[in-house]
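Read off the chains here:
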Amino acid sequence: MFSDILCHLTLALILSFCTQTKSDFTKICPFVYTVDLTESPLLANGSYLYHNDTVIPPQFVRDYNYTILIDKNNKNSKNIRTHKRGCICAVKQCLPFCSDEMDKFYEKFKSPPVDQGFIKNVTFSGGLVLKKHLLHDFFPIYGNVCDIENGYMLSPEVEEHNEWTLYENSILLRHHDQRNLTLKEYCFDIEKRGDQFLINPIVCGETIDIPWFKIWAMAFSIPFLIITIICNCYFTQTIDARGKCFITYLSFVSLSYTLICCYTISGVDLSSIPCQLFGFTVYYTIIAYLTWTCILSYDTWKSVTDMNYNDPSFGYYSLVGFLIPLVMTMLTFLAHISTLPDQWKPGMAGDVCAVDTLRWSALIYYYIPCTVVFVYSLILYIWIVVFKKKHSAELKKLFGQGPEPLLERFALLFRIFLFMGISWSLDILSYFFRMAFGAQEYFIYIALDLFNAFHGFFVFVTFICKKSVMNKIKERLALRYNIKSNLLKNKDNIK
């Protein structure tokens, strides 16, 4: 019954999330690119007139029930009454500043020398270079939309190789690698050096967007996970505690994949509270399938190494498998709403609907749990191998020349662990590699993403695409067909 519920819940979630309307508004126009239109007059065609000089068409206007309080190092959301905001950067040329300290500095020390510091060369089409005031000739947007904590300032006055060029469309060319940076990849800030101040762009810490091939590979895996769950639910005459543990593990893997894929593919636009609720739900499913990995490892180890071991109650495993993820999710949520420094928080704020795995705090919320699961499971499986080698004669006498059911199950689960172990180890190593060297070594993430994304397909091939399993499925289907045929014959005879 419990397995059936999990199976049906997985299917229901796929249907519900995939029917969401598609909206990439917050991806194209993050919160800091918008302006409050509460005091702006509404025009007859649905546009808004902002500051009496800028018309924002209706396609660039959305309802928001939150605001984001931003300074240079923090970004926190606050729920407020629903109001209209318009994407100002869709109709005016914007320039990002890391915080409103720039504006405050300019107003406080306004003078010809300060003005001179804000005047920079801007390159126009055709190669024309004109001097422009960063605050007066662009629309300033305050607050970074990327990671400046791990970024660095391009200061050609200090180091010659840090030269840059600003174009009229706000594209910033970084000279040393000839890379064009968009609004989402840099912001201007003040650097004080003695009695002088320098205004230069800070290049954001490198980030990795979820690549399209990973999302579609995960989506490709989901049907195979569901088929594996259904085969275990409906084509097995009796489901023992181990089988239920395996079904629960697969259910959480499929739920996490489904949530991530449907949210990303649909591009659904979530406000602050639903966004964070979604993020913590995904976090719970990920920690849950890590926990059930440990449970499967423990149960396999115990059943193989202890011949007198009786199958435990599934309720006992459920208590552990559901309680630990719940406690970890609650602790993560408490850290999120606490007064801890931003760098210690999980990184969910505003329209960021996930625990941020690109900041060092991800070590606490994600990579340490992965490491614990990996090490714990590895120790147990090595223990089983040693036990099998040490007691091979006894096992042969016990099972004869035939198959050893428990060890056969161990072999199957070990393949799953080996596959996931490679994935987790790559994940952990890539995290430290990224922290040390940035996100340039993209081949590491391609390998990691493919390992993770095809997990469902690998499980299906390992557990279902076996001759013995396929024969059992055929027998069960044939039995059901015969029963149905006999019932129909009996009904005809009665008539």
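In case you missed it, the structure is sitting above this.
This one's a predicted model, so the numbers in the text were calculated from it and none came from an experiment.

Cut-off values and rules
Residues numbered from 1 in each chain as written. Predicted model: local features only at pLDDT ≥ 70, side-chain atom pairs only at ≥ 80, totals over all residues. Heavy atoms only, no water. Pairing = 2+ DSSP bridges. Helix = DSSP H or I, 4+ residues; strand = E, 2+ residues; numbered from the N terminus. Axes fitted to C-alpha atoms, helices over the stretch in contact; angles between N-to-C directions. Phe/Tyr/Trp six-rings, centres within 6.5 Å; stacked < 30°, edge-to-face > 60°. Buried < 20%, exposed > 50% of the residue type's maximum accessible area, 1.4 Å probe, protein only. Disulfide = S-S within 2.5 Å. Parallel < 35°, antiparallel > 145°, perpendicular 65-115°, else oblique. Left-handed = near helix turned anticlockwise from the far one by under 90°. Contact = heavy atoms within 4.5 Å. Nonpolar A, V, L, I, M, F, W, Y, C, P; charged D, E, K, R; others polar. Arc of directions from axis to C-beta. Core = buried A, V, L, I, M, F, W, Y, C linked by side-chain atoms within 4.5 Å.

Caption draft 1: Just the sheet that holds strand 13 (residues 179–181), in detail. Reading across the sheet, the 5 strands line up as 8-7-11-12-13 and stay open at both edges, with mixed pairing between neighbours. The strands lining the two open edges of the sheet, one partner per strand, are strand 8 (129–133) and strand 13. Going across the sheet, the axis of each strand differs from the next one's by a mean of 40 degrees, ignoring polarity. Relative to strand 11 (residues 164–167), strand 7 (residues 119–123) runs parallel, the two being bridged by 2 bridges. Paired with V122 across the bridge in strand 11 is L166.

Caption draft 2: The pairing of strand 7, seen in detail. Note: strand 7 against strand 8, 5 bridges, orientation antiparallel. Bridging from a neighbouring strand, K120 pairs with K132 of strand 8.

Caption draft 3: View of the packing of aromatic side chains. One pass over the full model with this rule turns up 25 aromatic pairs. With centroids separated by 5.7 Å and ring planes inclined at 75 degrees, the aromatic side chains of F31 and Y64 adopt a geometry described as edge-to-face. Placement of the pair is F31 in the loop between helix 2 (25–28) and strand 1 (34–36) and Y64 in strand 4 (residues 61–70), with a sequence separation of 33 residues. Taken individually, F31 and Y64 each receive the classification buried, so the pair is uniform in this respect. The structure contains a cluster of three or more aromatic residues connected by ring pairs, namely F97, Y142, W164, Y186 and F188.

Caption draft 4: Structural view of the state of the cysteines. Evaluation of the coordinates by the stated rule reveals 3 disulfides. With its sulfur 2.2 Å from that of its partner, C89 forms a disulfide with C94. When the S-S torsion is -110 degrees, as for the bridge of C89 with C94, the disulfide is left-handed. Of the two residues examined, C89 and C94, each falls in the buried class.

Caption draft 5: Layout of the packing of helix 6 (residues 241–266) against helix 8 (residues 314–337). Across the interface, helix 6 lies against helix 8 with an axial gap of 10 Å and an inter-helix angle of 25 degrees. In terms of orientation, helix 6 and helix 8 fall into the roughly parallel class. Remark: the crossing between helix 6 and helix 8 carries right-handed chirality. Mapping the contact onto sequence places A241, K244, C245, T248 and F252 in helix 6 and F314, Y317 and F322 in helix 8. When the residues that make up the contact of helix 6 with helix 8 are grouped by side-chain class, the tally is 6 nonpolar, 1 polar and 1 charged.

Caption draft 6: Molecular detail of helix 3 (residues 101–108). Considered for burial, the residues of helix 3 that qualify are M102, F105 and Y106. Buried residues of helix 3, seen end-on, are gathered within an arc of 100 degrees and therefore sit on one face of the element. In this structure, helix 3 carries K104, E107 and K108 as exposed residues pointing more than 90 degrees from its buried face. Summarising the contacts, the buried residues of helix 3 are in contact with strand 6 (94–97), helix 4 (112–118), strand 8, strand 14 (186–193) and strand 15 (196–203).

Caption draft 7: How the structure looks around the packing of helix 6 against helix 13 (residues 455–463). Close contact between helix 6 and helix 13 brings their axes to 11 Å; oriented N to C, the two are set at 150 degrees. Considered as vectors, helix 6 and helix 13 are oriented roughly antiparallel to each other. The element helix 6 and its partner helix 13 pack so that their crossing is left-handed. In this structure, helix 6 contributes F246, Y249, L250, V253 and Y257 to the contact, and helix 13 contributes H455, V459 and F463. For the contact of helix 6 with helix 13, the per-class residue count stands at 7 nonpolar, 1 polar and no charged.

Caption draft 8: Inspection of the nonpolar core at higher detail. Ranked by size, the top nonpolar core spans 54 residues in total, and within it Y249 and W292 carry the most contacts. Looking at this core, the elements with two or more residues in it are helix 5 (212–234), helix 6, helix 7 (272–305), helix 8, helix 9 (362–390) and helix 13. Among the elements that take part in this core, helix 7 stands out by supplying 15 residues, more than any other. By size, the runner-up hydrophobic cluster in this structure holds 37 residues, among which are Y33, I88, F97 and I199.

In short, shape yes, function no, at least from these values alone.
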